Amino acid sequence: MSRTARPIGIFDSGIGGLTVAAAIRRHMPGERLLYFGDTEHFPYGEKSPEAIKHYAIRITNFLIDRGCKAVVIACNTASAQATAEVELTAGDRVPVFNVVDPIAEHVANKWSGHTVGVIGTKGTIASRVYVKAISRLDRSVKVRSLATPLLAPMIEEGFYNNTISKAVIRGYLEHRNLSGMEALVLGCTHYPLIRREVEEILGSGVKVLDPPAIVARHVRGELEARGQLHQGDTPSGDDHFFLSDLSDSFAKSARRFFRRSMTVEEMRLWDQ
Ligand code: DGL
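These notes cover the structure that comes with them. Numbering of residues begins from 1 in every chain and follows the order in which that chain's sequence is written. Note on the predicted model: pLDDT of at least 70 is required for a residue's local features to be given, and 80 or more for side-chain atom pairs to be given and counted; whole-chain, interface and lining totals, by contrast, use all residues. Hydrogens and water molecules were not included; the side-chain quantities draw on all heavy atoms of the structure.

**Overview of the site of the ligand**
Note the cut-off: Consider each residue's heavy atoms; a residue with any of them within 4 Å of a molecule or strand counts as near. A 3.5 Å cut-off defines polar contacts: any pair of N or O atoms within that distance qualifies, except that in protein one atom must be a possible hydrogen donor and the other a possible acceptor, and neighbouring residues in sequence count only when both atoms are side-chain atoms. For the accessible areas, the method is Shrake-Rupley and the probe is 1.4 Å, while residue cover comes only from the protein chains on display. Here a cavity denotes a set of grid points, spaced 1 Å apart and computed over the protein atoms alone, in which a 1.4 Å probe fits but from which it cannot get out, and a pocket denotes an open set meeting protein on both sides within 12 Å along at least five of seven lines; residues with an atom within 4 Å of a point are reported as lining. Cavities and pockets are treated as containing a molecule whenever more than half of the molecule's atoms lie within 2 Å of their grid points. Note that Gly is not counted as nonpolar here; it falls among the polar residues with everything else outside the nonpolar set of Ala, Val, Leu, Ile, Met, Phe, Trp, Tyr, Cys and Pro and the charged set of Asp, Glu, Lys and Arg.
Taken together, 14 residues form the shell around the ligand, and within it Ser13, Tyr44, Asn76, Thr77 and His190 come nearest. The separation between an oxygen atom of the ligand and a polar main-chain atom of Gly45 is 2.8 Å. Within the complex, the protein chains bury 99% of what would otherwise be the 300 Å² of accessible surface of the ligand. Assessed atom by atom at 2 Å from the grid points, the ligand resides in the largest cavity. Looking at the shell around the ligand residue by residue, the classes come out as six nonpolar, seven polar and one charged.

Pasting the structure below:
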């Protein structure tokens, strides 16, 4: 198989990375996707950096062994805690993309001198990855951040768009840590699924950024520059979705996102 026809490997702890996968599909319709959701170890946001590194290395080897031409870490927690290890694992075999760097770049370009909020898992916020990445590029951006640990488990369960989820989201967004923000980074790939609720609560005074689209445009640009983009509107084959622990909620969400033919398989990476 030619290099460009090989799939793009994407991973997350669960369904969150599907928001990135869906954006990649929209921005690169010719690409085939190979997705790994590490549902056995969900939520990553509560795990130690050592555990995340261990999972990320194993998944990266799996994706590369399956012929992926690139690895997208479609999880902020793993991007924060394991990018270096994933890059080391990939070596010069395939390029690695995380979800934090393109967003930090976007914020530095568009929100210079402004106050930007970031919400994410405990792991992501504790790592201060966004504060560091943004201030490295532009010290004039004020970054306000808040860990919102209830959100990813709620979303993974499909528990959103109801009065309880709205109350939980509102409680977080009205926290004083986020006061004065003019834009908000949804710093967890699960959160775009509650984007509408977030926008409703925040109103038009706060711009809610679109991380999956920002990441997909970045990946597209990089693949194109390397001559690795599969041109055209038709992928060279079916997408594949693997889960370390098969779950119904994943299959339902995945079907909502990807209407075309789709196989979801269990892959017990840690039993091998
Ligand atoms: N989707 C993941 C992220 O972007 C995290 C969810 C979790 O496993 O805690 O951080």
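**Thoughts on unusual backbone geometry**
What counts is decided by this rule: Strands are runs of DSSP state E lasting at least 2 residues, helices are runs of H or I lasting at least 4, and numbering of each runs from the N terminus.
Along the chain, Phe42 connects to Pro43 via a cis peptide bond; the corresponding omega equals 0°. Here Pro43 is to be found in the loop between β2 (33–37) and α2 (49–65). Positive phi outside glycine occurs at Asn161, with the angle close to 65°. With respect to the helices and strands, Asn161 occurs in the loop between α7 (151–156) and α8 (163–173).

**Topic: the sheet that holds strand β9 (residues 239–243)**
Under the convention used in this document: Only strands joined by at least two bridges in the DSSP assignment are considered to pair. Where helices are involved, their axes are fitted lines through C-alpha atoms of the stretch in contact, as for all axes, and angles between N-to-C directions lie from 0 to 180°. We call two residues in contact whenever any of their non-hydrogen atoms come within 4.5 Å of each other.
Judged by pairing direction, the sheet is parallel, and its six strands sit side by side in the order β4-β3-β1-β2-β9-β10 without closing on themselves. Bordering the open sheet on either side are β4 (96–98) and β10 (262–266), each of which pairs with just one other strand. Taken pair by pair, the neighbouring strands of this sheet meet at an average axis angle of 20°, ignoring direction. Where β2 and β9 come together, four bridges link them in parallel fashion. What sits directly across from Phe36, in β9, is Phe242. Each of β1 (8–12), β3 (70–73) and β4 is contacted by helix α10 (residues 211–225), which is oriented at about 160° to β4, the strand it contacts most.

**What about the packing of aromatic side chains?**
For the record, the criterion: Any two of the Phe, Tyr and Trp rings considered here, Trp counted by its six-membered ring, make a pair once their centres fall within 6.5 Å; the pair's planes then place it as stacked at under 30 degrees, edge-to-face at over 60, or tilted in between. Each residue's exposure class comes from its accessible area (1.4 Å probe, protein chains only) as a fraction of the maximum for that residue type: buried when under 20%, exposed when over 50%, partly exposed otherwise.
With the rule as written, the count across this model stands at eight aromatic pairs. With centroids separated by 5.8 Å and ring planes inclined at 35°, the aromatic side chains of Tyr35 and Phe250 adopt a geometry described as tilted. A residue pair is termed long-range when its members are at least 10 positions apart, and Tyr35 in strand β2 and Phe250 in helix α11 (residues 248–257) qualify at 215 residues. The same class applies to Tyr35 as to Phe250, namely buried. Here a set of aromatic residues connected by ring pairs shows up, and it is made of Phe36, Tyr44, Tyr55, Phe62, Phe242 and Trp270.

**Points about the packing of helix α4 (residues 100–110) against α10**
How we decide: Angles are sorted into four bins: roughly parallel if under 35 degrees, roughly antiparallel if over 145, roughly perpendicular if 65 to 115, and oblique for all others.
α10 packs onto α4 with a crossing angle of 105° between their chain directions and a minimal axis gap of 9 Å. It follows that α4 is roughly perpendicular to α10 by the angle criterion. Counting all contacts with α4, which are made through Pro102, Ile103 and His106, the residues of α10 involved are Pro211, Ile214, Val215 and His218. Looking at the contact of α4 with α10 residue by residue, the classes come out as five nonpolar, two polar and no charged.

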